[in-house]
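Architecture at a glance
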Amino acid sequence: NKKAMAERYARDEAPLVIHPAEASIHEHFDNIIYRVNQRREEVIAEFRERMEERREAVTTRLNTIQQLIDSKADLRGRMKENILHSMRENMLEDIDTKLTQLQVA
C-alpha cells in the first residue's frame, strides 16, 4: 500500500511530458477556448448595448406618460376653474333676475 502510494506520488510529481501530437490538440483546444471567450465577450457587449437601448426607450416612454399625467392634471385644474367661474356667473345672474323681479313687484 505504501509502495503504491509512493509510485502514485512519483507519477504526480513527474514533469508533464506532452507528445507533439498532443501539443497540437492542446493548441487546438486553446484556440477553441479563446474563440469561445471572444464570442462570449461579444455577446455580453451586444446584450449590454441592447439593454441600454431598452432602458432609454423605457425612460422616454415614462417621461411621455409623466407629461400626459401632468397635462391631464393641468387640464383638470383649468376645467375646475371654468366650472366654478360658470357657477359663480350663473348664481350672479340668478340673483340679478330675482332682484329685478322684486323691484318689479
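Sequence order as written defines the numbering, with residues in each chain counted from 1. In keeping with the model being predicted, local features are shown solely for residues with a pLDDT of at least 70 and side-chain atom pairs are shown and tallied solely at 80 or more, while totals for entire chains, interfaces and linings include all residues. Note: side-chain values were computed over all heavy atoms of the structure, leaving out hydrogens and water.

With that out of the way, let us pick up the overall build of the protein. Think of it this way: any DSSP run of H or I at least four residues long counts as a helix, any run of E at least two long counts as a strand, and we number them from the N terminus. A tally of regular secondary structure across the protein gives two helices and zero strands. We get accessible surface area from the Shrake-Rupley algorithm with a probe of 1.4 Å; when it comes to residues, only the shown protein chains can shield them. Total accessible area on the protein is roughly 10,400 Å²; 58% of this is exposed by carbon and sulfur atoms.

What follows concerns the pattern of salt bridges. Two side chains that carry opposite charge are able to pair once their charged atoms sit near each other. Basic side-chain nitrogens of Lys or Arg form a salt bridge, by our definition, when they fall within 4 Å of a carboxyl oxygen of Asp or Glu. For the structure shown, the criterion picks out five salt bridges. Linking Glu41 and Arg40 is a salt bridge whose minimum nitrogen-to-oxygen distance equals 3.1 Å. When a residue's accessible area, from a 1.4 Å probe over protein chains only, is under 20% of the maximum for its type it is buried; when over 50% it is exposed; and in between it is partly exposed. Overall, Glu41 belongs to the partly exposed group, its relative accessible area being 42%. The residue Glu52 makes a salt bridge to Arg55 at a minimum N-O spacing of 3.0 Å. Remark: Arg55 and Glu52 occur in helix α2 (residues 20-104); sequence separation between them is three residues, near one turn of the helix. Sharing partners across several salt bridges, the network here consists of Arg39, Glu42 and Glu46.

Let us now look at a nonpolar patch on the surface. Like charges are joined within 9 Å and nonpolar side chains (Val, Leu, Ile, Met, Phe, Trp, Tyr) within 5 Å, but only among residues with over 30% relative accessible area and no salt bridge; these make up the patches. Together, Leu75, Met79, Ile83, Leu84 and Met87 make up a nonpolar patch on the protein surface, roughly 480 Å² of accessible area in all. On the secondary structure map, Leu75 appears in helix α2.

Take a negative patch on the surface next. Positive charges are assigned to Lys and Arg, negative charges to Asp and Glu, while His and the chain termini are left out of the count. For the purpose of locating charges, the reference atoms are NZ of Lys, CZ of Arg, CG of Asp and CD of Glu. A surface patch of negative charge is lined by Glu89, Glu93, Asp94 and Asp96. Along the chain, Asp94 falls in helix α2.

That's the geometry; what it means functionally is another story.
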